[in-house]
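What the coordinates show
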Amino acid sequence: AEAVWASLPVAILISAVLWINEIPDYTADVRTGKKTLVARIGRRKAAQFYTYILMSSYVFLLAGVVFAKLPLAALCGLVSLPFAVLSASYARKHYENSFEMAPGNGYAILCFNIVALSVLMSYLMSSVGTYMTISLALVSLGYIFWNYGTIRRQSRAFLSIKGIT
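A short tour of the structure in this document, coming up. Keep in mind the model is a prediction, meaning the values are calculated, not measured. (Residues numbered from 1 in each chain as written. Predicted model: local features only at pLDDT ≥ 70, side-chain atom pairs only at ≥ 80, totals over all residues. Heavy atoms only, no water.)

**A word on the overall build of the protein**
Assigned secondary structure in the protein consists of seven helices and zero strands. Along the protein, from the amino end to the carboxyl end, the secondary structure elements read α-α-α-α-α-α-α. Reported as C-alpha extents along the three principal axes, the dimensions of the protein are approximately 55 × 35 × 20 Å. Scored against the burial criterion, the 165 residues of the protein give a buried share of 39%. Across the protein, the fraction of contacts at a sequence separation of at least 24, relative to all contacts at a separation of at least 6, is 68%. Accessible area for the protein stands at about 9,100 Å²; split by element, carbon and sulfur atoms hold 69% of it. (Helix = DSSP H or I, 4+ residues; strand = E, 2+ residues; numbered from the N terminus. Buried < 20%, exposed > 50% of the residue type's maximum accessible area, 1.4 Å probe, protein only. Contact = heavy atoms within 4.5 Å. Areas by Shrake-Rupley, 256 points an atom, 1.4 Å probe, with all protein chains shown as cover.)

Set out below in structure tokens:
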């Protein structure tokens, strides 16, 4: 049961990444007859549903800690909540424009990385000790900041391409 609880927030977030990546494909999917869920419900509803997918991962993260199914340190994953809000905002505002929605995709990946690393680190603390976990957490934070920088650079690149075309 503990493994299921530990995997739920992470699994839901990777589902969110897959979901938001389907929204820009809507027109092509409809045109070619693909029956994806996004093609069936439309981009607007898909963007709204995306918000629910994202937020449900945090509900399971909180519930896992409250019901003692996850270590308390797993709550460090809540640090990614502002990025989830940003991602959902991009999806809801720009669901018809792939270029402007692109940062939302990046923020979804960032949320996944942060929550997955938080859950992992919370279990590592109990097995390898705090010092080793802090070392691994610092390396992981470096990766997350690098990832965030990549998202920002890609956002600027997408928007500059949009300005050219």
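**Some points on the side chain of Thr-51**
With respect to the element layout, Thr-51 can be found in helix H4 (residues 43–66). Given the relative accessible area of 15%, Thr-51 is considered buried. Setting aside its immediate chain neighbours within four residues, Thr-51 contacts Ala-88 and Arg-92.

**So, the layout of surface pockets**
Computed from the structure, the largest pocket encloses a volume of approximately 360 Å³. Considering the residues around the largest pocket, the lining is formed by 20 residues, among which Cys-76, Ser-118, Ala-137, Leu-141 and Ile-144 are closest to the centre. With nine residues, the top contributor of residues to the lining of the largest pocket is helix H7 (residues 130–164). Of the residues in the lining of the largest pocket, the class split is 15 nonpolar, five polar and no charged. (1 Å grid on protein atoms, 1.4 Å probe; cavity = no way out; pocket = protein on both sides within 12 Å on 5 of 7 lines; lining within 4 Å. Points joined across faces, edges and corners; volume = space filled by probe spheres on them. Nonpolar A, V, L, I, M, F, W, Y, C, P; charged D, E, K, R; others polar.)

**Let's talk about the state of the cysteines**
Going through the model one piece at a time under the given rule, you end up with zero disulfides. With no disulfide partner, Cys-76 has as its closest neighbouring cysteine sulfur the one in Cys-111, 15 Å distant. For Cys-76, a relative accessible area of 47% puts it in the partly exposed group. (Disulfide = S-S within 2.5 Å.)

**So, the packing of aromatic side chains**
Throughout the structure, instances matching the rule amount to four aromatic pairs. Between Tyr-90 and Tyr-107 the ring centres are 6.0 Å apart and the planes differ by 40°, which places this aromatic pair in the tilted class. Of this pair, Tyr-90 sits in helix H5 (residues 81–94) while Tyr-107 sits in helix H6 (residues 98–128), and the two are 17 residues apart along the sequence. Taken together, Phe-83, Tyr-90 and Tyr-107 form an aromatic cluster joined through their ring pairs. (Phe/Tyr/Trp six-rings, centres within 6.5 Å; stacked < 30°, edge-to-face > 60°.)

**Digging into the packing of H4 against H5**
Across the interface, H4 lies against H5 with an axial gap of 8 Å and an inter-helix angle of 170°. Between H4 and H5, the crossing angle belongs to the class labelled roughly antiparallel. Between H4 and H5, the contacting residues are Ala-47, Tyr-50, Thr-51, Leu-54, Met-55 and Tyr-58 on the first element and Leu-81, Ala-84, Val-85, Ser-87, Ala-88, Ala-91 and Arg-92 on the second. Here the residues of the contact of H4 with H5 sort into ten nonpolar, two polar and one charged. (Axes fitted to C-alpha atoms, helices over the stretch in contact; angles between N-to-C directions. Parallel < 35°, antiparallel > 145°, perpendicular 65-115°, else oblique.)

**Some remarks on the packing of H4 against H6**
Where H4 meets H6, the axes come as close as 12 Å, and the angle between the chain directions of the two elements is 10°. If you check the angle between H4 and H6, you find them roughly parallel. Classified by chirality, the crossing of H6 by H4 is left-handed. Residue-level inspection shows Tyr-50, Tyr-58 and Leu-61 of H4 in contact with H6, the latter providing Gly-104, Ala-108, Cys-111, Val-115 and Val-119. (Left-handed = near helix turned anticlockwise from the far one by under 90°.)

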